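# Examination of the molecular architecture
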Amino acid sequence: MRLACLTSGGDCPGLNAVIRAVVRTASNEFGDTVIGYEDGWEGLMDDRRRDLYDDASIDRILLRGGTILGTGRMHPDKFKAGLEQIKENLKDAEVDALIAIGGEGTLKGAKWLADNGIPVIGVPKTIDNDVNATDVTFGFDTAVSVAAEAIDRLHTTAESHNRILIVEVMGRHVGWIALNAGMAGGAHYTVIPEHPFDVADICKAMERRFQMGEKYGIVCVAEGALPKEGTMDFSEGEEDQFGHKTFNGIGQVIGDEIKSRTGYDVRTTVLGHIQRGGTPTAFDRILATRFGVHAARAAHNGETNKCVAVHGENIDLVPLEAAVGELKTVPQRRYQTAQALFG
């Protein structure tokens, strides 16, 4: 058989581990060959492909962040308009099954291809951990580790200067990174998109710390967090061509509001893309590798139009439709656990 794989959407620690596992499993277990399409759906549509060999170079990519194939995004209208070209390119390359590695948007594209007769296996990735069909996605552990280490480091400088430090982390629609990094790093307040905040509550928590002699504070904020209606002035960003909101720096807005209301010295740190880059953690390397092994096996065995997922200790295959349509958000009970530690 001949398999193809591509990486689409935002880059994510662990993508190369999936590619390596697909190539090595296909070669070692079945004698299958693998090609990779460059730069996501664009490369598939433009027929930019290259052979991926089970050799020393593919073995070493386990340690690397990013993706050796490159990645990108494509507008859904352009993607759908290119269906016949995609089919022709896959036929010309003699591809028996396509392994699409990406987040919710990529998996939606994979499902659409499957609905139109192309054998597809989805592999869920995202640092946001918002794909509904799986307990966890690779990349998430690395992002949380980076954010938690940053919070660790900010404790000492905040304490030295009697400051409140705002740490803005990624999380457009869900707050998994903020929730877990805030808890692991000992943040004194965490703000996530699922639960609109009242800045007055944050100010009270910070004032209580200063009154008790702990003259500093750390607030962890997800980039997509929003205030409760009527509690403070804030304008939401517009949407880009892919339907993603652009953000107006909620961390800085919260910091300015806290400073205005309390008079404390407040500084803001935005971690940004540093959370997506660099070497994946051991957990993410292992999970991504397991996903790649099972994706290659599923593709070879004809179990296509499915998505690999982890449930407990097991890797399963779930229908592609189970992975799209609804994001996995932070439930109220998880946020309540974090709230017990605020202040």
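Remember, it's a predicted structure, so these values are computed and weren't measured experimentally. (Residues numbered from 1 in each chain as written. Predicted model: local features only at pLDDT ≥ 70, side-chain atom pairs only at ≥ 80, totals over all residues. Heavy atoms only, no water.)

## What about the sheet that holds strand β10 (residues 306-311)?
Spelled out, the test is: Two strands pair under a simple rule: DSSP has to find at least two bridges between them. Numbering of helices and strands runs from the N terminus, with a helix taken as a DSSP run of H or I at least four residues long and a strand as a DSSP run of E at least two residues long. Axis lines are fitted through C-alpha atoms, for helices just across the contact stretch, and the angle between N-to-C directions can take any value from 0 to 180 degrees. Any two residues having at least one pair of non-hydrogen atoms within 4.5 Å are treated as being in contact.
The strand order β3-β2-β1-β4-β5-β10-β11 describes an open sheet built from seven strands, whose pairing is mixed. In this open sheet, the two strands that pair with only one neighbour each are β3 (49-52) and β11 (314-319). Within the sheet, the average angular offset between the axes of one strand and its neighbour, ignoring direction, is 30 degrees. When strand β5 (residues 120-124) meets β10, the two strands line up parallel, connected through two bridges. From the neighbouring strand, G122 faces β10, where its bridge partner is C307. Most of the contacts of helix α1 (residues 15-30) go to strand β4 (residues 97-102), to which it runs at about 160 degrees, and overall it touches β1 (2-7), β2 (33-37), β3, β4 and β5. Most of the contacts of helix α6 (residues 104-115) go to β4, to which it runs at about 160 degrees, and overall it touches β4, β5 and β10.

## A closer look at unusual backbone geometry
Cut-off, in case you're wondering: Each residue is placed in one exposure class: buried if its accessible area under a 1.4 Å probe, protein chains only, is under 20% of its type's maximum, exposed if it is over 50%, and partly exposed if it falls in between.
You will see that N162, though not glycine, has its phi angle at about 55 degrees, which is positive. Here N162 is to be found in the loop between α7 (140-161) and β6 (164-169). Residue classification places N162 among the partly exposed residues on the basis of a relative accessible area of 39%. Residue N305 is not a glycine yet carries a positive backbone phi of 60 degrees.

## Let's talk about helix α5 (residues 83-92)
Here is the rule: The arc in question is formed by the directions pointing from the helix axis toward the C-beta atoms.
Inspection of α5 places L83, I86, N89 and L90 among the buried residues, and these make up the whole buried set. For α5, the arc enclosing every buried residue in end-on projection is 130 degrees, short of the 170-degree limit, so these residues lie on one face. For α5, the exposed residues lying more than 90 degrees away from the buried face are E84 and K91. On the buried face of α5, the contacting elements are β2, α2 (41-46), β3, α4 (76-81) and α6. Of the residues flanking the end of α5, it is E94, one or two places downstream, whose phi is positive at about 60 degrees.

## Some words on the layout of surface pockets
Using the following cut-off: Using only the protein atoms, space was sampled on a 1 Å grid; points where a 1.4 Å probe fits but cannot get out form cavities, open sets with protein on both sides within 12 Å along at least five of seven lines form pockets, and lining residues are those with an atom within 4 Å of a point. Grid points are joined across faces, edges and corners, and a volume is the space filled by probe spheres set on the points. Here the nonpolar group is Ala, Val, Leu, Ile, Met, Phe, Trp, Tyr, Cys and Pro; Asp, Glu, Lys and Arg are the charged ones; every other residue, Gly included, is treated as polar. Residue ranges assigned to the domains are those given by an automatic or database domain assignment.
Roughly 150 Å³ of volume is contained in the second largest pocket. Along its surface, the second largest pocket is lined by N129, D135, V136, F140, D141, V144, W176, N180, F283, K328 and R334. Listing elements by their share of the lining of the second largest pocket, those giving two or more residues are α7 and α8 (176-185). Residue contributions to the lining of the second largest pocket peak at three residues, all from α7. Split into classes, the residues belonging to the lining of the second largest pocket amount to five nonpolar, two polar and four charged. Per-domain counts for the lining of the second largest pocket show at least three residues from each of domain 1 (2-138 + 280-325) and domain 2 (142-277).

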